[in-house]
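# Residue-level structure breakdown
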Amino acid sequence: MKTTVIAPAKINLFLDITARRPDGYHEISGVMQSISLCDTVTIEVTEPTGMYLCSLGNHTAGAKSITLTCTNPDLPTDSRNLAWRAAEKFFSATGRGCKNLLIHIEKRIPAAAGMAGGSTDAAAVLTGLNDLFGHPLTPAALCEVGLTLGADVPFCIMGGAQITEGIGEALTPITPMPACELVVACGGEGVSTPAAYKALDTLYGDFDPAAYTPRTRELATLKSALWQGDLTALCGSMFNLFESVVLPHRSVARQIKETLLSAGAVTAMMSGSGPSVFGVFPKGDGSAEKAREALTALGIPAWVCEPVR
Ligand code: ATP
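Note that the coordinates shown come from a computational prediction; the quantities given were computed from them, not determined experimentally.

## A short note on the overall build of the protein
- The number of helices and strands found in the protein is ten helices and eleven strands.
- Against the compact-globule benchmark of 19 Å for 309 residues, the protein has a radius of gyration of 20 Å, which places it among compact chains.
- In terms of principal-axis extent, the alpha carbons of the protein reach across some 60 × 45 × 35 Å.
- Taking all 309 residues of the protein together, the buried fraction comes to 51%.
- Expressed as a percentage of contacts within the protein between residues at least 6 apart in sequence, the contacts between residues at least 24 apart total 74%.
- In the structure as shown, the protein presents an accessible area of about 13,500 Å², 54% of it carried by carbon and sulfur atoms.
- Averaging the positions of the 23 positive and the 29 negative side-chain charges in the protein gives two centres separated by 2 Å.

In structure tokens:
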């Protein structure tokens, strides 16, 4: 059994923090959007077990062997890879198994860039295995398994545009971005998400309500811009709290932002904990491609893509 799954990257249109929980996790309030920049994940299963009721109880859950290959040589190809861990979680949640599991990741999303590159591969493995094994898990159950791998995995399973609350797992679908082109660019070293959260805690007094007021009104404005399909209003209300702690230390990210804006972006903002930056461009006037060329001329990898539903 074999399947190929498209694993889209995400950008954050809005990302604020409402509280720091006693367990150290942060409550977020935001909006995420899937984009057409994607990895392709191919999953091949040989000699599946536990597929039918009559064979239940007569097999061991899990894959006897897992082989993972990836076109990005910098990423681990063992159990440190989120895609590998997703397969193990799927098998233990469903009691299914197989002799050999082959996972191949055609990697296009830059790693540790704030675009959920690992989470989307994990989501692709969960949905791909669920398809191959005849949907033993409902979408809600898949998201529950996904959340044990990372806060962004449930979003990557559902995709499109979603309001994200809680630690990122509470999702409410919202109207996706209106038609536009996006230029995503990433240069310099990756950002460690836990380190970025720590810097935010220091800057905003651990998000004590006396020290920090979440931007509730701004989020309401952004949501209504999405409902109305108003690209200009949407761009005017985008926000990412991580910019305040990451951009001061990332000259390449600042350079990307400036280049995108001077090439005609309606707005440009860092995605997630960075350091990737995206610019929003009108569709079809060639300005996005020109911005990509300007970034490439500076030696910064950049991609033209668009929001996906
Ligand atoms: P997020 O936006 O969800 O915070 P990110 O885009 O900042 O995530 P990832 O690309 O998911 O970060 O990578 C974070 C770390 O996860 C990297 O250091 C990488 O080694 C590890 N990792 C494990 N599996 C993968 C994978 N399949 N793809 C990318 N990174 C992976």
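## Digging into the pattern of salt bridges
- Enumeration over the complete set of coordinates arrives at ten salt bridges.
- Between glutamate 306 and lysine 283 there is a salt bridge; the shortest N-O distance is 2.7 Å. Here glutamate 306, found in the segment after β11 (302-305), pairs with lysine 283, found in the loop between β10 (277-281) and α10 (287-297); they are 23 residues apart in sequence, far enough to count as distant.
- The exposure class assigned to lysine 283 is partly exposed, which follows from its relative accessible area of 48%.
- One salt-bridge network, held together by shared partners, links Arg21, Asp23 and Glu27.

## Observations regarding the domain arrangement of the protein
- Domain assignment breaks the protein into domain 1 (2-173) and domain 2 (181-305).
- For domain 1 versus domain 2, the separation of C-alpha centres amounts to 25 Å.
- Each side of the interface is counted separately: domain 1 has 25 residues, and domain 2 has 34 residues.
- Among the residues of domain 1 in contact with domain 2, Leu13, Phe14 and Leu15 are the three that bury the most area, contributing 25% of the side total.
- Where domain 1 meets domain 2, there are one salt bridge.
- The closest approach of N and O atoms between arginine 20 and aspartate 201, which form a salt bridge, is 2.9 Å.
- Between the two partners, domain 1 and domain 2, sit 13 residue pairs in polar contact (both at pLDDT 80 or more).

## Remarks on the packing of aromatic side chains
- One pass over the full model with this rule turns up eight aromatic pairs.
- Each ring, one from tyrosine 197 and one from phenylalanine 242, has its centre 5.0 Å from the other, and the planes form 85 degrees; the classification is edge-to-face. Placement of the pair is tyrosine 197 in helix α5 (residues 193-203) and phenylalanine 242 in the loop between β8 (239-240) and α8 (243-246), with a sequence separation of 45 residues.
- Both rings, one in phenylalanine 207 and one in tyrosine 212, keep their centres 5.0 Å apart while their planes meet at 80 degrees; by these two values the pair is edge-to-face.
- Note on tyrosine 212: relative accessible area 7%, which makes it buried.
- Ring pairs connect the aromatic residues Phe90, Phe91 and Phe133, which therefore count as one cluster.

## Topic: the packing of helix α2 (residues 117-132) against helix α3 (residues 139-147)
- Across the interface, α2 lies against α3 with an axial gap of 10 Å and an inter-helix angle of 140 degrees. In terms of their interaxial angle, α2 and α3 are classed as oblique. Two packed elements cross with a definite hand, and for α2 against α3 that hand is right-handed. Contact residues: α2 offers Leu126, Thr127 and Asn130, while α3 offers Leu142, Val145 and Gly146.
- A class-by-class count of the residues in the contact of α2 with α3 yields three nonpolar, three polar and no charged.

## Quick word on helix α1 (residues 82-94)
- The first and last C-alpha atoms of α1 sit 18 Å apart over 13 residues, in line with the 18 Å expected at 1.5 Å per residue.
- Here α1 has its buried residues at Leu82, Ala83, Trp84, Ala86, Ala87, Phe90, Phe91 and Thr94.
- Taking the backbone nitrogen of alanine 83 as reference, a side-chain oxygen 2.9 Å away marks asparagine 81 as the first, capping residue of α1.
- After α1 finishes, the residue glycine 95 shows a positive phi value of roughly 75 degrees.

## Thoughts on the packing of α1 against α2
- Contact geometry of α1 with α2 gives a least axis separation of 8 Å together with a crossing angle of 35 degrees. Of the two elements, α1 crosses α2, and the hand of that crossing is right-handed. Contacts between α1 and α2 involve Leu82, Ala83, Ala86, Ala87, Phe90 and Phe91 from the first element and Gly118, Ser119, Asp121, Ala122, Val125, Leu126, Leu129 and Asn130 from the second.

Definitions and limits used
- Residues numbered from 1 in each chain as written.
- Predicted model: local features only at pLDDT ≥ 70, side-chain atom pairs only at ≥ 80, totals over all residues.
- Heavy atoms only, no water.
- Helix = DSSP H or I, 4+ residues; strand = E, 2+ residues; numbered from the N terminus.
- Rg over C-alpha atoms; globule rule 2.2 N^0.38 Å.
- Buried < 20%, exposed > 50% of the residue type's maximum accessible area, 1.4 Å probe, protein only.
- Contact = heavy atoms within 4.5 Å.
- Areas by Shrake-Rupley, 256 points an atom, 1.4 Å probe, with all protein chains shown as cover.
- Lys, Arg positive; Asp, Glu negative; His and termini not counted.
- Charge placed at Lys NZ, Arg CZ, Asp CG, Glu CD.
- Salt bridge = Lys/Arg side-chain N within 4 Å of Asp/Glu carboxyl O.
- Domains from an automatic or database assignment.
- Buried area = accessible area lost by both parts, 1.4 Å probe.
- Polar contact = N/O pair within 3.5 Å; in protein donor to acceptor, adjacent residues only side chain to side chain.
- Phe/Tyr/Trp six-rings, centres within 6.5 Å; stacked < 30°, edge-to-face > 60°.
- Axes fitted to C-alpha atoms, helices over the stretch in contact; angles between N-to-C directions.
- Parallel < 35°, antiparallel > 145°, perpendicular 65-115°, else oblique.
- Left-handed = near helix turned anticlockwise from the far one by under 90°.
- Nonpolar A, V, L, I, M, F, W, Y, C, P; charged D, E, K, R; others polar.
- Expected span 1.5 Å × (residues − 1).

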